[in-house]
Amino acid sequence: MAGSALKRLMTEYKELTVNPPEGILAGPKNEDNFFEWEALITGPEGTPFEDGVFVAELKFPHDYPLSPPKMKFVSEMFHPNVYTDGRVCISILHSPGDDPLGYETSAERWSPVQSVEKILLSVVSMLAEPNDESSANVDASKMWRDNRIQFNKIARTLARKSLGL
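The present account deals with the structure reproduced in this document. (Residues numbered from 1 in each chain as written. Predicted model: local features only at pLDDT ≥ 70, side-chain atom pairs only at ≥ 80, totals over all residues. Heavy atoms only, no water.)

1. Some details on the overall build of the protein chain
1) Next: Across its full length, the protein chain carries four helices and four strands.
2) Next: The order of helices and strands in the protein chain, counted from the N terminus, is α-β-β-β-β-α-α-α.
3) Next: Against the compact-globule benchmark of 15 Å for 165 residues, the protein chain has a radius of gyration of 16 Å, which places it among compact chains.
4) Next: Seen through its principal axes, the protein chain has C-alpha atoms that stretch 50 × 40 × 25 Å.
5) Next: Per-residue burial for the protein chain yields a buried fraction of 42% across its 165 residues.
6) Next: A fraction of 55% describes how many contacts in the protein chain between residues 6 or more apart in sequence connect residues 24 or more apart.
7) Next: Within the structure as shown, the protein chain displays about 9,100 Å² of accessible surface, and the carbon and sulfur contribution to it stands at 52%.
8) Next: Taking the average place of the 17 positive charges on the side chains of the protein chain and the average place of its 24 negative ones, the gap between the two points comes to 4 Å. (Helix = DSSP H or I, 4+ residues; strand = E, 2+ residues; numbered from the N terminus. Rg over C-alpha atoms; globule rule 2.2 N^0.38 Å. Buried < 20%, exposed > 50% of the residue type's maximum accessible area, 1.4 Å probe, protein only. Contact = heavy atoms within 4.5 Å. Areas by Shrake-Rupley, 256 points an atom, 1.4 Å probe, with all protein chains shown as cover. Lys, Arg positive; Asp, Glu negative; His and termini not counted. Charge placed at Lys NZ, Arg CZ, Asp CG, Glu CD.)

And the structure:
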């Protein structure tokens, strides 16, 4: 199983290096372990995260792509769909099948046709348009809804901090 996962990850890495999505760089932390990746994600234009460069880790299970990777921001992040410890909470990273809570359809959740590129593009989209109905960070979600000016100020500060400013 790990052999087919490794082959798939190597193929996806090659595709990402040949044809990288705008504002995203990703690949294995080192060539000896294709199951742990680092990603650099540029904050989407027109958002308070704009111009920030946020570092994230992806850890792939040995049965990838049958199961989704885990993703976590290493850079400090304040966002409704990111836990305070940096773990990313979006549908595409949830295990395949029906949602036990009935919130997501199985089509929104992980399936083996997804890819690292689709995950990263979904995260960029999430940064631009948080889902405050499914919050991982209640404080960020509440601020997003009730005090957008303060939320944007914190996000802009984190974008500058991600650049070492």
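Continuing now.
2. Focus: the sheet that holds strand β1 (residues 24-30)
1) Next: The four strands are arranged β1-β2-β3-β4 in an open sheet whose pairing can be described as antiparallel. At either margin of the open sheet sits one strand with a lone partner, and together these are β1 and β4 (70-73). Direction aside, the axes of adjacent strands within the sheet are offset by 25° on average.
2) Next: Bridge analysis of β1 against strand β2 (residues 33-42) gives six bridges, and the strand direction is antiparallel. (Pairing = 2+ DSSP bridges. Axes fitted to C-alpha atoms, helices over the stretch in contact; angles between N-to-C directions.)

3. Re the environment of Glu38
1) Next: Within the secondary structure, Glu38 is located in strand β2.
2) Next: Residues Glu38 and Val74 lie 36 residues apart in sequence; the distance between their C-alpha atoms is 9.3 Å.
3) Next: When neighbours within four sequence positions are excluded, Glu38 is seen to be in contact with Leu25, Ala26, Gly27, Lys29, Val55 and Ala56.

4. Notes on the pattern of salt bridges
Between side chains of opposite charge, a pair can form as their charged atoms come close.
1) Next: All chains considered together, the criterion is met by six salt bridges.
2) Next: Across the pair Asp132 and Arg145 runs a salt bridge, and its minimum N-O distance is 3.8 Å. Of this pair, Asp132 sits in the loop between α2 (116-128) and α3 (138-146) while Arg145 sits in helix α3, and the two are 13 residues apart along the sequence.
3) Next: Its relative accessible area of 48% is what places Arg145 among the partly exposed residues. (Salt bridge = Lys/Arg side-chain N within 4 Å of Asp/Glu carboxyl O.)

5. Overview of the nonpolar core
1) Next: Core analysis: the biggest nonpolar cluster contains 40 residues, and Trp37, Met71, Phe73 and Leu120 have the highest contact counts within it.
2) Next: Within the residue set of this core, elements represented by two or more residues are α1 (2-18), β1, β2, β3 (53-59), β4, α2, α3 and α4 (148-162).
3) Next: The dominant element in this core, judged by the number of residues it contributes, is α2, at seven residues. (Core = buried A, V, L, I, M, F, W, Y, C linked by side-chain atoms within 4.5 Å.)

6. A few points about unusual backbone geometry
Among all residues except glycine, the phi angle is most often negative; among peptide bonds, the trans geometry is most common.
1) Next: The residue after Tyr64, namely Pro65, is reached through a cis peptide bond having omega 10°.
2) Next: Look at Asp51: it is not a glycine, yet its phi comes out positive at around 75°.
3) Next: With respect to the secondary-structure elements, Asp51 resides in the loop between β2 and β3.

7. Description of α2
1) Next: Across its 13 residues, α2 extends 19 Å between first and last C-alpha, which sits within 8% of the 18 Å expected from 1.5 Å per residue.
2) Next: What α2 keeps buried is the set Val116, Ile119, Leu120, Val123, Val124, Met126 and Leu127. One side of α2 carries all its buried residues, which in axial view fall inside an arc of 160°.
3) Next: Tucked inside the fold, the buried residues of α2 contact α1, β1, β2, β3 and β4. (Expected span 1.5 Å × (residues − 1). Arc of directions from axis to C-beta.)

Everything listed here is a matter of coordinates, which is why it stays silent on function.
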